[in-house]
Amino acid sequence: MQLSQLEYLQAVANYGGVRKAARAVHVSPQAVSSAIKKLESEYQIVLLDRSAGEAVLSPAGREFACRFQVSCRIDGEIIQNPEIPVDTLTEVSSPVVGN
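Rules of the game
Residues numbered from 1 in each chain as written. Predicted model: local features only at pLDDT ≥ 70, side-chain atom pairs only at ≥ 80, totals over all residues. Heavy atoms only, no water. Core = buried A, V, L, I, M, F, W, Y, C linked by side-chain atoms within 4.5 Å. Buried < 20%, exposed > 50% of the residue type's maximum accessible area, 1.4 Å probe, protein only. Helix = DSSP H or I, 4+ residues; strand = E, 2+ residues; numbered from the N terminus. Contact = heavy atoms within 4.5 Å. Salt bridge = Lys/Arg side-chain N within 4 Å of Asp/Glu carboxyl O. Axes fitted to C-alpha atoms, helices over the stretch in contact; angles between N-to-C directions. Parallel < 35°, antiparallel > 145°, perpendicular 65-115°, else oblique. pLDDT = per-residue confidence, 0-100.

(A) Quick look at the nonpolar core. Counting residues in hydrophobic clusters, the biggest one holds 21 residues, and the most contacted among them are Leu9, Val12, Val32, Ile36, Leu47, Leu48 and Phe64. Those elements that place two or more of their residues in this core are α1 (3-15), α2 (18-25), α3 (29-43) and α4 (59-80). Contacts of Leu48, omitting those with residues within four sequence positions, involve Val12, Val18, Ser33, Ile36, Glu40, Ala55, Val56, Leu57 and Ser58.

(B) Region of the structure containing the pattern of salt bridges. Counting across every chain of the model gives two salt bridges. For Arg19, the salt bridge is made with Glu54, and the minimal N-O distance between the two is 2.9 Å. Of this pair, Arg19 sits in helix α2 while Glu54 sits in the loop between β1 (48-49) and β2 (56-57), placing them 35 residues apart in sequence. Here Glu40 ties to Arg50 by a salt bridge, and the two come within 2.9 Å at their closest N and O atoms. One end of the pair, Glu40, is in helix α3; the other, Arg50, is in the loop between β1 and β2, and ten residues separate them in sequence.

(C) Seen up close, the packing of α2 against α3. Orientation of α2 relative to α3, taken along the N-to-C sense of each, is 105°, at an axis distance of 8 Å. The orientation of α2 with respect to α3, classified from their angle, is roughly perpendicular. Residue-level contacts link Val18, Arg19, Ala22 and Val25 of α2 to Pro29, Val32 and Ser33 of α3.

(D) Main features of the confidence of the model for the protein. The share of residues in the protein with pLDDT of 70 or more is 69%, and the mean pLDDT across the chain is 76. Element-level pLDDT for the protein is lowest in α4, with a mean of 67, against a maximum mean of 94 in α2. Low pLDDT, under 50, characterises residues 78-82; the stretch is placed with one contact to residues that sit more than four places away or in other chains. This model gives residues 84-99 a pLDDT under 50, and the stretch forms 21 contacts once residues within four places in sequence are excluded.

The following block contains the structure:
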């Protein structure tokens, strides 16, 4: 997994589709789709619904993006406030979503 793949996935979540996300992160839609396809292959889940004209997040993709975002918030909170006991933070499991 690469950070850029997660950033592209988050952009799709934020902008509602691959084309808008690609414009926002200044890459081609093919680059966004390809990066997410690698995540799909790595985790064996479908993150994008490519059946419509605009590729959008699948339900599993929305869950994956949400878990990534929560994980980043927790990591940021730990970095910004290292005195916070780790056991007081919300537990976040792996972003892998079941079938």
